[in-house]
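The residues making up each chain are set out below.
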Amino acid sequence: MTTNPRQFATADAPAGPIPTNDWWSSLLWKRTNCSYSEPLHAHPVSYQPFGDGLGLSATSTPTITGTATGVGEFKYAYAEDIRVGVAALGAPVVKVDGWTDWTVTPYWNDGARTMRATIGHGLPFAYFRTSGGDALVNATGGSATVWSNSGATIGFTVRGHDYVAYAPSGATWSVNGGRITSNLAGRGYFSVALLPTTPSTDAASRAELAATYGRYAHAHVTGTRVSYAYDPATSTVTTTYAFTTTPREGTATRTVASLYPHQWRSLTGATPLALTYPSARGRMKVLAGVDAFRTSMRFHGVLPEVPAVATGAGADLTTLRNHLAAVRGNPMDQRGTDTYWTGKGLGRAARIAEIADQVGDAETRTAALNAIRGTLTDWLTATPGETEGVFHYDRNWGTLIGYPASYGSDQELNDHHFHYGYFVAAAATLAKFDPAWARQDQYGGMVDLLIRDANNYDRADGRFPYLRDFDIYAGHDWAAGHGSFHAGNNQESSSEGMNFASALIQWGQATGNTAVRDAGIFIHTTQAAAIQEYWFDVTDENYPAAFGHSTVGMVWGDGGAYATWFSAEPEMIQGINMLPITGGHLYLGHHPAYNRANYQELVRNNGGEPTVWQDIHWQFLALGDPDAALAKLRANPGHTPEEGESRAHTFHWIRNLAALGQVHTGVTANHPLAAVFQRNGARTYVASNITAAPLTVTFSDGTRLDVPAGRTATGGAHTWSGGTATGGVTGPTPPTTTPPTTPPPTTPPPSPDLPTRYLLPGGGLAAAGSPATATVAGAGGVNRDGTPTNAQVFTATGLDMAYLGGQTTFDLFLDAGTAVGNGVQVRISYDLTGNGGWERVETYRYFATDPVPGYEHYTQQSGLHSATGALGNLANGTVRVEVWSAIGNNPSTLGIGDRSVVTLPYA
């Protein structure tokens, strides 16, 4: 790393620290000792500077190498169509004259001629200012077919790609073979645009599109800027991508922009043109005549850790406690002393501390917190002469480097968000238990420097570049500080980037710093959308059809690769975009069918079940098929943990997801540390309060959850009107010893005719009561499917209610203990007038309980076994609920009083 980061910047370049880790970083870095740069993949155009000008490539057909079951890649590699410059230009070096949030301005000067070109993400235009000679467009990729040449505008095709060059009014273009020139009427500016492919290839259609673009050809983009806002009430992140233009002539101040899939899928307030550009990220849609566009995305929340709803009692608690005891003596289990491996160890200890606290293992929690505190305090304290376990601020580059460094984090400024994300995440965990340590005048100030180095959220802070590692327009991080590869910049571990974003959210929440919190939410929400598109292609629209993979290990500027830097094993290629598994990674479960498909590809490519990093893949699978993941874990209790994992965390994660179900994205919360899970139609609401004051979290379906200070609360799967759902809580202080297996929701009593009704002791069906249980007798080995036998019966009478349409819903809390083969069934009957006749009878398929202690949820999602009659208004009506064993020899426990509930489709 040179001591002069500005050796390839002009005197007019912006002051302050230079950006790194960007799509255009090789212009400033020039790692390969060339005088120009590697290709710059801006999309929809790729560029490469040379001494005589700027090359443009519009590769529309990918190259695919490798196999569909092994290492392979797809590339929209740089293949030059044209080179734009000044006649006789021969600059010895190309420098950088300026940059904004997603544009850059290269600069050429050979002493007699100069050229500046502004290029950027999403811009189909490249804008040029020249002096000392005629503008030159040279068809370097083959012959140029001119289809329009009228005054200042010329349209031509090279290698099947349509371009238009726009000179100032009064100028003309001359064509001599493959050379297109103009004197620009002595005014020294022009622009070149790549047109999207039109359905029609006739010149008139092209000319019409060229005219549309021509309205904005001389409104040169001279600035780009992002702004974002997080609205907790709606859990929405609104992002504005704004353009500043300078009219070189005329009065136009708007431009043309092309949007990536993660942008156009969440676009608000604008309608793209019908035409699109191909790109390495999929189809880019076009907005014409804009000075800004906006996206709106839902933030679905993060958690410090999934709650211990299934590992809080019984045999599973014993298993978990044994796993925790095994790591108590070495919570970090650190594999190296550099910033990355220290970070991995900190991450492991943070998971252990969170879990131990949930299940009341104060000894292990204390050991993990002590390891975190000691390690962070050492690294964040510098003493004279210290060379290891220390951070150093480099004023030349505006960066904070940790020593010992690794993977180029010092010489190339690689991976800072990966390494430092673990430090910040562990600091957030420690801050909950030791807020004095995290004060700004203690170690909080140093943690903030780590955050600002990797992704400085404060434009006014001149010590670090703004959002260093996060590519604002592409929507994701880049790992290489220099970006100097022919394929552009790259990133493999998108999930470690998300670990950093999640850490910002939790640190900001723990310390009351909403600026840090909101920056984390912006990055987390935007990057989650980008990961689903570009690393996972969950829509199956962005990868070339012949690629054959459902995922990539690495995203490059010009494509994607089923590969990593360090391994060709499928487990690592796929797993590197899953780890570390934390409560900040619930986004990995937003498309559960994809989780199952990803695991199936792993097994296919691996020729069988994973043999390394099994825990990572089981935890990922648990977000899509938790029962299958739990079966795999139970069958392999002696697996070797991944380097940053522990058996304790793997067991906790998978066992509790088997109880919680899948992440439910249809409901959000007004608090960032919250999530909703759904299993068999029943929802569990979770919220964490890592502050010193109690709070009430409101979910978008109306559910409210009271969360005590320093705790995590869970609530049952119900919606209340004006009520609250308070649950069994687990959390930092004081530690709990045996958290309740099932959250007991409580609500104010509803009026007699409200539709939500609880199953009560004594057979009532009304407002919630005190916690209780009822025993559902076994079926005695006889098949009672569809026939109530020895049923528990619950009845409500005298109901006057209007039928709303729709269906009955219910959530019955059932536990068969360790009994095998039980199946409980429910029948719900309606007597609309109270005359003793049942106008509507609904019998649901029985629910097969598992042989694991702990409540399960039996809901209407099990489906109807049979139904007779029709629903209508209730006038002095009666509703009856019957619960019995359809199969099985053993009794089952039914949670009643404030647990099992039926919601009638009535007002």
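Going by the structure above, here's the rest.
K.L.:
What am I meant to see in the overall build of the protein chain here?
P.N.:
A count of helices and strands for the protein chain gives 15 helices and 51 strands. Since a compact globule built from 907 residues should have a radius of gyration of about 29 Å, the 31 Å found for the protein chain is in line with a globular shape. Taking the principal axes of its C-alpha atoms as reference, the protein chain extends roughly 100 × 70 × 50 Å. Split into buried and exposed, the 907 residues of the protein chain put 61% on the buried side. Once local pairs closer than 6 in sequence are excluded, the contacts in the protein chain between residues at least 24 apart make up 67%. As displayed, the protein chain offers around 29500 Å² of accessible surface, 49% of which is attributable to carbon and sulfur atoms. Distance between charge centres in the protein chain, computed from 56 positive and 73 negative side chains, equals 3 Å.

K.L.:
Got a minute to help me understand the pairing of strand S17 (residues 189-194) in this structure?
P.N.:
A regular strand carries its side chains on alternate faces of the sheet. Within S17, six of the six residues are buried, which leaves it mostly tucked inside the rest of the structure. Burial along S17 is two-sided: the residues Tyr189, Ser191 and Ala193 and Phe190, Val192 and Leu194 are all buried. When strand S10 (residues 125-131) meets S17, the two strands line up antiparallel, connected through five bridges. Bridged to Ala126 within S17 is Val192. Here strand S14 (residues 161-166) runs beside S17; their pairing, made up of four bridges, is antiparallel.

K.L.:
For this particular structure, what's the right way to read the environment of Arg335?
P.N.:
Structurally, the position occupied by Arg335 is in the loop between helix H4 (314-327) and helix H5 (339-358). Along the backbone, Arg335 and Ala687 are 352 residues apart, and their C-alpha atoms lie at a distance of 33 Å. Once you skip the residues sitting within four places of it in the chain, Arg335 turns out to touch Trp341 and Glu643. Within polar-contact distance, the side chain of Arg335 engages the side chain of Asp333 at 3.2 Å.

K.L.:
Would you explain the pairing of strand S36 (residues 704-707) in this entry?
P.N.:
On S36, burial follows the alternation: Leu705 and Val707 on one face are buried, whereas Arg704 and Asp706 on the facing-out side are not. As judged from the four bridges shared by strand S35 (residues 695-698) and S36, these two strands associate in the antiparallel manner. Along S36, the bridge assignment pairs Val697 with Leu705. A loop of five residues connects S35 with S36, the two strands running antiparallel in sequence, and Gly702 in this loop sits at a positive phi of about 95°.

K.L.:
Can you walk me through the pattern of salt bridges in this structure?
P.N.:
When charged atoms on two side chains of opposite charge get close, those side chains can pair. Overall, the coordinates contain 36 salt bridges when judged by the stated rule. Notably, a salt bridge pairs Asp316 with Arg655, separated by 2.7 Å at the nearest N-O pair. Pair noted here: Asp316 is in helix H4 and Arg655 is in helix H15 (residues 647-660), with a separation of 339 residues, a long-range link. One exposure class covers both Asp316 and Arg655, and it is buried.

K.L.:
I'm lost on the sheet that holds strand S6 (residues 82-86) in this one. Help?
P.N.:
By way of backbone hydrogen bonds, the strands of a sheet pair with one another, either parallel or antiparallel. Strand order in the open sheet made by the seven strands is S1-S2-S3-S6-S11-S16-S15, with antiparallel pairing throughout. Since the sheet does not close on itself, it has two edges, and those belong to strand S1 (40-41) and strand S15 (174-176), each with one partner. Sheet topology places strand S3 (residues 53-57) next to S6; three bridges connect them, and they run antiparallel. Following the sheet pairing, Leu56 is matched in S6 by Ile82.

K.L.:
What should I look at first to understand the packing of aromatic side chains in this one?
P.N.:
Aromatic ring pairs are reported here in terms of the distance separating the ring centres and the angle at which the planes meet. In the structure shown here, the tally under the stated rule is 46 aromatic pairs. With 5.8 Å between their ring centres and 75° between their planes, Phe813 and Tyr855 make a pair best called edge-to-face. In this pair, Phe813 sits in strand S43 (residues 809-815) while Tyr855 sits in the loop between strand S46 (847-848) and strand S47 (856-859), placing the two residues 42 residues apart along the sequence. Judged by its relative accessible area of 0%, Phe813 falls in the buried class. Among the aromatic residues, those joined into a ring-pair cluster are Trp102, Tyr241, Phe243, Tyr260, Phe293, Tyr473 and Tyr534. Taking NZ or CZ as reference, Arg83 lies 3.8 Å from the ring centre of Phe50, over its face. Positioned above the aromatic ring of Trp264 is the side chain of Lys285, whose terminal nitrogen or guanidinium carbon lies 3.9 Å from the ring centre.

Reading the values: rules and limits
- Residues numbered from 1 in each chain as written.
- Predicted model: local features only at pLDDT ≥ 70, side-chain atom pairs only at ≥ 80, totals over all residues.
- Heavy atoms only, no water.
- Helix = DSSP H or I, 4+ residues; strand = E, 2+ residues; numbered from the N terminus.
- Rg over C-alpha atoms; globule rule 2.2 N^0.38 Å.
- Buried < 20%, exposed > 50% of the residue type's maximum accessible area, 1.4 Å probe, protein only.
- Contact = heavy atoms within 4.5 Å.
- Areas by Shrake-Rupley, 256 points an atom, 1.4 Å probe, with all protein chains shown as cover.
- Lys, Arg positive; Asp, Glu negative; His and termini not counted.
- Charge placed at Lys NZ, Arg CZ, Asp CG, Glu CD.
- Pairing = 2+ DSSP bridges.
- Polar contact = N/O pair within 3.5 Å; in protein donor to acceptor, adjacent residues only side chain to side chain.
- Salt bridge = Lys/Arg side-chain N within 4 Å of Asp/Glu carboxyl O.
- Phe/Tyr/Trp six-rings, centres within 6.5 Å; stacked < 30°, edge-to-face > 60°.
- Lys NZ or Arg CZ within 6 Å of the ring centre and 35° of its normal.

The quantities given are spatial measurements derived from coordinates; they are silent on function.
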